Amino acid sequence: MRTFHLAMAVIALLLAGTVAAQNLPRYYKDADFQRTGRVDSVQIEAQRIVIDDVAYSISSNLIVHSPRAYSVPVSNLKVGTLVGYKMLNQSSRLIGEIWLLPNDYNDRARRRR
């Protein structure tokens, strides 16, 4: 059990270092988004978004995070933007949170396969 805790601490430090090296705000360090990808299409009125050719629904309570502010309007989602996202419900592909990421963001572990 002690080895597990040590391994988790090392992973947390590595992730924190990645976020810090990319000049992202502290609240990105704690981001628990599941995947990353590029926005292909946004239909705010229809509560739909397409990321890496996969269509998702977006929650009516969607939170969009930006490197400049903890929460920004959904209208900040633009085609071509690199994002991290967290789904509320995997089976229905319902997204509850989105993080706007810099173009040079690199986290292969969260890329959609």
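Heads up: the structure comes first, above all this text.
Residues numbered from 1 in each chain as written. Predicted model: local features only at pLDDT ≥ 70, side-chain atom pairs only at ≥ 80, totals over all residues. Heavy atoms only, no water.

Engineer: What am I meant to see in the pattern of salt bridges here?
Structural biologist: For side chains of opposite charge, pairing can occur when their charged atoms come near one another. Summed over the entire model, instances satisfying the criterion amount to one salt bridge. Across the salt bridge formed by lysine 86 and aspartate 32, the nearest N and O atoms sit 3.0 Å from each other. Here lysine 86, found in strand 5 (residues 82-89), pairs with aspartate 32, found in the loop between helix 2 (26-29) and strand 1 (35-43); they are 54 residues apart in sequence, far enough to count as distant. (Salt bridge = Lys/Arg side-chain N within 4 Å of Asp/Glu carboxyl O. Helix = DSSP H or I, 4+ residues; strand = E, 2+ residues; numbered from the N terminus.)

Engineer: Even after reading the chapter, I still don't get the environment of isoleucine 58, so can you show me in this structure?
Structural biologist: The residue isoleucine 58 is located in strand 3 (residues 54-66) in this model. Judged by relative accessible area, which is 5%, isoleucine 58 ranks as buried. Residues isoleucine 58 and arginine 93, spaced 35 residues apart in sequence, show a C-alpha to C-alpha distance of 8.4 Å. Sequence-distant contacts of isoleucine 58, that is, excluding residues within four places in its chain, are made with Gln47, Arg48, Ile49, Leu94 and Ile95. (Buried < 20%, exposed > 50% of the residue type's maximum accessible area, 1.4 Å probe, protein only. Contact = heavy atoms within 4.5 Å.)

Engineer: Just checking my understanding: could you explain the packing of aromatic side chains for this structure?
Structural biologist: Where two aromatic rings form a pair, the distance of their centres and the angle of their planes describe that pair. Under the defined criterion, the tally for this structure stands at five aromatic pairs. For the pair tyrosine 27 and tyrosine 70, a centre-to-centre distance of 5.3 Å together with 75 degrees between the ring planes defines the contact as edge-to-face. Placement of tyrosine 27 in helix 2 and of tyrosine 70 in strand 4 (residues 69-72) is noted, with a sequence separation of 43 residues between them. Residue class for tyrosine 27 comes out partly exposed when judged on its relative accessible area of 24%. Among the aromatic side chains, those forming a connected cluster through ring pairs are Tyr27, Tyr28 and Tyr70. (Phe/Tyr/Trp six-rings, centres within 6.5 Å; stacked < 30°, edge-to-face > 60°.)

Engineer: Quick question: what am I supposed to make of the pairing of strand 2 (residues 48-51) here?
Structural biologist: Remark: a regular strand shows side chains that alternate across the two faces of the sheet. The alternating pattern of strand 2 places Ile49 and Ile51 on a buried face and Arg48 and Val50 on a face that is not buried. Here four bridges tie strand 1 to strand 2, and the two strands are oriented antiparallel to one another. Bridge assignment links valine 42 to a residue of strand 2, and that residue is isoleucine 49. As paired strands, strand 2 and strand 3 are joined by four bridges and run antiparallel to one another. What sits directly across from isoleucine 51, in strand 3, is valine 54. (Pairing = 2+ DSSP bridges.)

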